[in-house]
Amino acid sequence: MKCPRETQESAEVLLAYGACKLDAESTAALEKHMAVCPTCRESARGLRAAWEALDAFEAPPVSPDFDRRLYRRIEREVSWWDLLLRPFRWFPVRQGLPIAAAAGVMVFAGVMLYRPAVPPAPQQDAAQAQVDALRPEQVEDALDDMEMLREFSHLMRPDAGEAKKM
Amino acid sequence: MGGAAVALDYDAELMLRVKEGDSASFGVLLEKHRLPVVHFLYRMVQNRAVAEELAQEVFLRVYRSRATYEPAAKFTTWLFRIATHLALNSLRDGKNERSQERLDDDSSAMPARQVSDARPSIEETLVSQARRDEVRRAIAALPEKQRAAVLMHKYQEMEYTQIARVLSCSESAVKSLLFRAYESLRARLAHMA
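About the thresholds
- Residues numbered from 1 in each chain as written.
- Chains lettered and ligands numbered in written order.
- Predicted model: local features only at pLDDT ≥ 70, side-chain atom pairs only at ≥ 80, totals over all residues.
- Contact = placed C-beta atoms within 7 Å.
- Helix = DSSP H or I, 4+ residues; strand = E, 2+ residues; numbered from the N terminus.
- Nonpolar A, V, L, I, M, F, W, Y, C, P; charged D, E, K, R; others polar.
- Core = buried A, V, L, I, M, F, W, Y, C linked by C-beta atoms within 7 Å.
- Buried ≥ 20, exposed ≤ 12 C-beta atoms within 10 Å, placed from the backbone.
- pLDDT = per-residue confidence, 0-100.
- Axes fitted to C-alpha atoms, helices over the stretch in contact; angles between N-to-C directions.
- Left-handed = near helix turned anticlockwise from the far one by under 90°.
- Parallel < 35°, antiparallel > 145°, perpendicular 65-115°, else oblique.

Thoughts on the interface of chain B and chain A
Part 1: Contact with chain B, which involves 35 residues of that partner, is made by 26 residues of chain A.
Part 2: Elements with a minimum of two residues in the side of chain B that touches chain A: helix H2 (23-45), helix H3 (48-64), helix H5 (103-109), helix H7 (122-140) and helix H10 (171-189) of chain B.
Part 3: Counting residues per element, the side of chain B that touches chain A draws most heavily on H10(B), which supplies eight residues.
Part 4: Of the residues that constitute the side of chain B that touches chain A, the class distribution is 20 nonpolar, four polar and eleven charged.

Structure follows, in structure tokens:
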């Protein structure tokens, strides 16, 4: 047998031997190898010793009221759920469903039938109405003022005259 | 559960019955798994009160999950995944910081059932207690994941594949974890053989 420590399955073979879970054929082969390999012998026997030593770690028994405490917690959770749903309990489901459906239909019908007497005028129409309300004289005056301002600002620019000279 | 026809284990069938509203099946599951779960948690956190509290939480979560339960894995894999998750969280939160202080208290609370028949002498009882405490300390000294792997391997007799599923790692990673854990235990406990 090839030394298990030199192979990939070393951990598995030695662990299985330590846990007394190695099949008879592999155990015989390993024990034959252990006779000539002190490293494997020490490792395998140490693992077996550790495995057997773990038997000493007994756990205490479970408290007699374990189940009672658990069921009480489950019950408490269920009652919380009940408590949350309680406000809706007064409304019996069988009677409530048709009533809720009828209420829904009425609301929908109300929304569909509601038509305001005077629909609100769009904003664009309001702007158009303002333009229509202007008199032609007002427009002409405004345009004259704008022309005068344009000429005035042109004359006030110092480089305007220089540019003309050149 | 994939295309492969995997027979449902009995526990999964019981859990499906719980899902359908059969609370008696939950009682059967509790009866069957109460002891392994509490013992696993006790060995993990090494405090009886904390272990029982965590075990209650495990079964409470199982009950809460009944509506959404799908038998995607073995029931015990799912159960121990919950238990391991809670134990690791508890250890990380330091909820059982005083566990080491309580070791003596817990030891005194241990039943005498394993030695009562032979009526051991005081000396034998003390030796037995000392051995148990030494093993407990050796296990407590292991890193948490190694500890969980060893406990499942040694006391629950789980296969590598199942431990891998519980710990959400590969099978080879489990073998490596276990080998390192047993090597550490060997160093501490070999003299007890």
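As for the nonpolar core
Residue and element names in this part refer to chain B.
Part 1: In terms of nonpolar packing, the biggest core is built from 69 residues, with Leu 41, Val 45, Ala 149, Ile 163 and Leu 178 touching the most fellow members.
Part 2: Sort the elements by how many residues they give to this core and H2 lands first, with nine residues.
Part 3: Not counting residues within four places of it along the chain, the set of residues in contact with Leu 41 comprises Ala 51, Leu 54, Ala 55, Ala 83 and Ala 87.

Details of the confidence of the model for chain A
Part 1: Mean pLDDT over chain A works out to 77, with 66% of the residues at or above the 70 mark.
Part 2: Model confidence for chain A, summarised as mean pLDDT per element, is weakest for helix H8 (residues 158-165) of chain A at 50 and strongest for helix H2 (residues 24-34) of chain A at 90.

Notes on the packing of helix H8 (residues 144-154) of chain B against helix H9 (residues 160-167) of chain B
Two packed helices can be described by the angle between their axes and the distance between those axes.
Residue and element names in this part refer to chain B.
Part 1: Between H8 and H9, the shortest axis-to-axis distance is 10 Å and the interhelical angle comes to 140°. Like other packed secondary-structure pairs, H8 and H9 cross with a definite hand, here right-handed. Note on element contacts: H9 touches H8 through Ile 163, Val 166 and Leu 167, opposite Lys 145, Ala 148, Ala 149, Met 152 and His 153.
Part 2: Split into classes, the residues belonging to the contact of H8 with H9 amount to six nonpolar, one polar and one charged.

Brief notes about the packing of H2(A) against helix H3 (residues 38-53) of chain A
Residues and elements named next belong to chain A.
Part 1: Across the interface, H2 lies against H3 with an axial gap of 8 Å and an inter-helix angle of 125°. As far as their axial angle goes, H3 and H2 are oblique. Taken together, the residues of H3 that come into contact with H2 (itself represented by Leu 30, His 33 and Met 34) are Cys 40, Arg 41 and Ala 44.
Part 2: Looking at the contact of H2 with H3 residue by residue, the class counts come to four nonpolar, one polar and one charged.

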